[in-house]
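Structural description and commentary
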Amino acid sequence: MKLLLCLVCSLFSCSLLASAAAQTQVFPTSSGPVSITPLYHASTLIEAAGKVIYLDPAKPADFSAHPKADLILITDIHGDHMDPDSIKAVSKSATEILAPPAVVQTVTTAKPISNGENRTWQGWTIEAIPAYNLKRGPAPGKLFHDKGRGNGYILTYGGKRFYFSGDTEGVPEMRALKNIDVAFVCMNLPYTMPPDEAAEAVKAFHPAIVIPYHYRGSDLSVFQKALAGTGVEVRLLEWYPK
C-alpha cells in the first residue's frame, strides 16, 4: 500500500512538473534566453544564464521539483505573495531576497527596495514600480493595497524589459510605463481590477506581449477581446493547475 501511495504521489508530481514545463515561455535577449514558468497565481519561476529567480513564491505552489533560488522578489505582505514557508523551501544559503520595506518587517533576511528604487543583480536591472489600489478596499475610506506599500517590478536583462504588476489597479505609474517587451498583469476582484480595466491600462503602455496572471475567477476572454486589434499580443497561460 505504501509503495502504491508513493507511486501515485510521484506520478502526480511528475504531472504537475510536466504541466508547468509545457507553459514555460522562452524569450530571446542579447544576453541569452530568459525562461519564465507560471507556477501558481502570482508565483513565477524565472531562469537565465544558470541563475534562478522566484517572484512571490507561495502556497499552494509546489517547488520540490524546481531549482533553489539565487534571488527571490516579493511584491506585498499578503499571504499569496509573502509566504515564509515557501521562501524557506526555495532558499539556499546564498539566496538573496529583495522586497518592499513592509515585507522586510516579517522577512527579515530580505533587503528593502522601495517604490522608484533600482537595483542591479547578476546582469539584471530591477526597478520597483508602485502597486496599489485607487478605489477598491474592504470598507469606505480603506484600500486593499495602500500606495507605497507594495511593488511591481520591471526586470531588464539583455535589453528585454519584463514587467510584473504585483497587486494593483491601473495606476498612473503603470499607464506611464515605456518600452515593455513582456507584461504580466494582475486582474481579480475585489482586490485588484477587472479584466476590462486591466485591458485599458495595458492599452496605455502598450507592451509587445501581455500575459494575465493573478487572475483567479476572472473572465480572460473579456481581457483578450478588449485588446484585439491593438497590436498587443495576448498570451493566456494556466496559472491554476488542477
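Here's a quick rundown of the structure. (Residues numbered from 1 in each chain as written. Predicted model: local features only at pLDDT ≥ 70, side-chain atom pairs only at ≥ 80, totals over all residues. Heavy atoms only, no water.)

1. A look at the sheet that holds strand β12 (residues 182–186)
The strands that make up a sheet pair up through hydrogen bonds in the backbone, lying either parallel or antiparallel. Spatially, the seven strands line up as an open sheet ordered β8-β9-β10-β11-β12-β13-β14, and their pairing is mixed. Every other strand in the sheet has two partners, leaving β8 (118–121) and β14 (233–234) as the edge strands with one partner each. (Pairing = 2+ DSSP bridges. Helix = DSSP H or I, 4+ residues; strand = E, 2+ residues; numbered from the N terminus.)

2. Quick look at helix α5 (residues 195–205)
Because an α-helix packs 3.6 residues into every turn, residues spaced three or four apart end up facing the same way. For α5, every residue scored as buried is listed here: P195, A198, A199, A201, V202 and F205. On an axial view of α5, the arc spanned by its buried residues comes to 165 degrees, and they lie on one face. With its phi angle positive at about 50 degrees, H206 sits one or two positions after the end of α5. (Buried < 20%, exposed > 50% of the residue type's maximum accessible area, 1.4 Å probe, protein only. Arc of directions from axis to C-beta.)

3. A word on the pairing of strand β6 (residues 96–99)
In this structure, strand β5 (residues 71–73) lies alongside β6, joined through three bridges in parallel fashion. When the sheet's bridge partners are listed, I72 is paired in β6 with I97. The parallel pair β5 and β6 is bridged by helix α2 (residues 84–90), and the resulting crossover is right-handed. (Right-handed = clockwise from strand over helix to strand, strands pointing away.)

4. Some thoughts on the side chain of D56
As for its position among the elements, D56 is in the loop between β4 (51–55) and β5. Look at D56: it is buried, it has no salt bridge, and the nearest opposite charge is R149 at 11 Å. At 2.7 Å, the side chain of D56 forms a polar contact with the side chain of H81. If sequence neighbours within four positions are ignored, D56 has contacts with A42, S43, L73, I74, T75, D80 and H81. (Lys, Arg positive; Asp, Glu negative; His and termini not counted. Salt bridge = Lys/Arg side-chain N within 4 Å of Asp/Glu carboxyl O. Polar contact = N/O pair within 3.5 Å; in protein donor to acceptor, adjacent residues only side chain to side chain. Contact = heavy atoms within 4.5 Å.)

5. What to know about unusual backbone geometry
The omega torsion across K59 and P60 is 10 degrees, close enough to zero to call that bond cis. Here P60 shows up in the loop between β4 and β5. The amide bond that connects L189 to the next residue, P190, takes the cis arrangement and shows omega of 5 degrees. With respect to the helices, strands and loops of the structure, P190 is situated in the loop between β12 and α5.

6. Regarding the pairing of strand β9 (residues 124–131)
In terms of burial, β9 is a largely internal element, seven of the eight residues being buried. Bridge analysis of β8 against β9 gives four bridges, and the strand direction is antiparallel. Each residue of the ladder has a partner; that of T120, found in β9, is T125. Where β9 lies against strand β10 (residues 150–157), eight bridges are found, and the strand directions are antiparallel. Pairing of W124 across the sheet is with Y157, part of β10.

7. Regarding the packing of aromatic side chains
Both the distance between ring centres and the angle between the ring planes are used here to describe each pair of aromatic rings. Under the counting rule described, the total for this entry stands at 13 aromatic pairs. Ring centres 5.7 Å apart and planes at 85 degrees place the aromatic pair Y54 and F63 in the edge-to-face group. The exposure class assigned to F63 is buried, which follows from its relative accessible area of 9%. Taking 6.2 Å as the distance between ring centres and 75 degrees as the angle between the ring planes, the aromatic pair formed by F184 and Y213 counts as edge-to-face. Taken as a pair, F184 in strand β12 and Y213 in strand β13 (residues 209–213) lie far apart in primary sequence, 29 residues in all. Given the relative accessible area of 1%, F184 is considered buried. Taken together, the ring pairs connect F27, W124, Y157 and F162 into an aromatic cluster. (Phe/Tyr/Trp six-rings, centres within 6.5 Å; stacked < 30°, edge-to-face > 60°.)

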